[in-house]
Amino acid sequence: MRPFGFEHSYARELSGAYIACRPNQVPAPRLLFLNEPLAAELGLDAAALRAEAAFFAGNELPGDAEPIAQAYAGHQFGGFSPQLGDGRALLLGEIVDRRGRRRDLAFKGSGRTPFSRGGDGKAVVGPMLREALIGEAMQALGIPTTRALAVAATGEPVRREGPQPGAVLTRVAASHLRVGTFQFFAARGDRAMLQRLLDYTIARHDPELAGTADPALGLLRAVAARQAELVASWVLVGFIHGVMNTDNMALSGETIDYGPCAFIESYDPQAVFSSIDHGGRYAYGAQPSMARWNLARFAETLLPLMADDEDEAAIAAAVTRALAVIDEFPDRCDAALLRGRRAKLGLGGSTSADDAADHELIDAWLALLEAQAVDYTLAWRGLADAAEGRDEALLALFADAPAAARWLARWRERCERDGLAASERARRMRLVNPRIIPRNHRVEEALAAATDHGDIAPFERLLAALRRPWDDAVELEAYAEPAPREITAGYRTYCGT
Ligand code: AMP
Ligand code: MG
């Protein structure tokens, strides 16, 4: 296979942070999905890649790939594991894309590595197509995300609850640096490696911090800023990540690890779909506070780089500086949420004098959605029609329509103050309130067809719809509809599958 143009900055600069490892050989590679727009971004020839199922299944590597399994630790549901690492993933190398961004290319599901512990290192068709779908949906929604370049079936049955068709996903990420990467070396008291990791992370994601007085604190601030925006954007579209362990929090600010994620249907801050999240630790509405918790774990790893460990006064001062960043994180999330919700409500020209009143207006709206179990996506989208004076479809979503109508009157009063024309307000609202999200029943239907019948067509149709989240086209109607209630009520997602 022809060289890809891989570079290997991580492998060159961070020896000790990975183990070289080869992918498994598999019996019958078949390409299920190739992400042509992403291939184009990377400067790769999509037509040529179509013929490379053997590559995407891990059987044949380009001469310039140097596969490595990356080391990382992590808090999983609050409990610390000093050694996780890529148990079923391999970084092949980095590509500098058409816009000059360095991006990782990695396999997921390519077989056992020295970090596999008890796992088989494999992945299966359903969950890998799911990751591809949700990643593309997030991309179309404008949310930073890792993405699938391809999914290849391996032709090998993989043991899960029953036998499942095996698959390998090729993931593209701004990097795979995680909170857990820092935790790996912090847990070993390896200050020298932490320093190298800090230098590498800064060079890759925050080069303006190089040479500043306290680069570790700077990185903490930069990661906090990215996470606040990211988590707020999840909340705004109704996304539940489902497994926000510190090994699944990327320092780049991209969404990573689409295991048990799902979108809410009716609005419910307590919503949990993951089969293993018994305590609701990663519930929809808990995500900002869990991101803060993860950030505190990240700060702990940076303290040795912020102060000499012999100097107690310096350590105390570093703790104070780090705590200030963590303590202001909830406000950062709230600010991003307020900004996002104002846009979703079509409120232009807001000033800080409006803050308290807007908070009340937003809280009242969300309380209505929650109390009446209204479909979150349809309700926001319906508000754009209401901005143009068409309230019927929106009101029909509420069991107590008069209560909704009373809120609409309050909202209209607020709208009138900014003098925006109705059509312009509605247009802006339709750019931030998606019509099409990955509805759980549609996702499951597409994955079942691919897994049980080898039929990829429903996946392709759903993917095409998810790439047009703002589009009112009639032919997309079926993808805009909520799942029947009984499906959502019993919906469960699974991780690590
Ligand atoms: P995740 O829940 O996907 O974030 O994975 C958590 C940890 O479990 C990571 O270290 C993974 O590499 C590892 N892991 C998940 N599934 C497997 C598998 N099938 N085989 C080996 N390791 C796995
Ligand atoms: Mg993970």
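This text goes with the structure placed above it.
Residues numbered from 1 in each chain as written. Chains lettered and ligands numbered in written order. Predicted model: local features only at pLDDT ≥ 70, side-chain atom pairs only at ≥ 80, totals over all residues. Heavy atoms only, no water.

(A) Expanded view of the packing of helix H17 (residues 440-453) against helix H18 (residues 457-466). Interaxial distance between H17 and H18 falls to 7 Å at its minimum, and their mutual angle equals 145 degrees. Together, Arg442, Val443, Ala446 and Ala449 of H17 and Pro458, Phe459 and Leu462 of H18 make up the contact between the two elements. The residue inventory of the contact of H17 with H18, partitioned by class, reads six nonpolar, no polar and one charged. (Axes fitted to C-alpha atoms, helices over the stretch in contact; angles between N-to-C directions. Helix = DSSP H or I, 4+ residues; strand = E, 2+ residues; numbered from the N terminus. Contact = heavy atoms within 4.5 Å. Nonpolar A, V, L, I, M, F, W, Y, C, P; charged D, E, K, R; others polar.)

(B) Quick look at the coordination of the magnesium ion (ligand 2). Bound to the magnesium ion (ligand 2) on the protein side are Asn248 (OD1) and Asp257 (OD), at distances that span 1.8 to 2.2 Å. The buried category is assigned to Asp257, whose relative accessible area is 17%. (Donors = N, O, S within 2.8 Å, 3.2 Å for Na, K, Ca; no water. Buried < 20%, exposed > 50% of the residue type's maximum accessible area, 1.4 Å probe, protein only.)

(C) Representation of the site of ligand 1 in the model. What surrounds ligand 1 is a group of 18 residues, the closest being Gly85, Gly87, Asp120, Gly121 and Asp257. A distance of 2.7 Å separates an oxygen atom of ligand 1 from a polar atom in the backbone of Gly87. For ligand 1, a nitrogen atom lies 3.0 Å from a polar atom in the side chain of Asp120. Grouping the amino acids of the shell around ligand 1 by side-chain chemistry returns two nonpolar, eight polar and eight charged. Residue contributions to the shell around ligand 1 reach at least three from each of two domains, namely domain 1 (9-176) and domain 2 (180-342). (Near = heavy atom within 4 Å. Polar contact = N/O pair within 3.5 Å; in protein donor to acceptor, adjacent residues only side chain to side chain. Domains from an automatic or database assignment.)

(D) Here's a closer look at helix H10 (residues 312-327). For H10, with 16 residues, the first-to-last C-alpha span of 22 Å sits near the 22 Å given by 1.5 Å per residue. In this fold, the buried residues of H10 make contact with helix H8 (215-237), helix H9 (287-306) and helix H11 (329-345). Put simply, Asp311 is the residue that caps the front of H10, since its side-chain oxygen is 3.2 Å from the backbone nitrogen of Ala313. (Expected span 1.5 Å × (residues − 1).)

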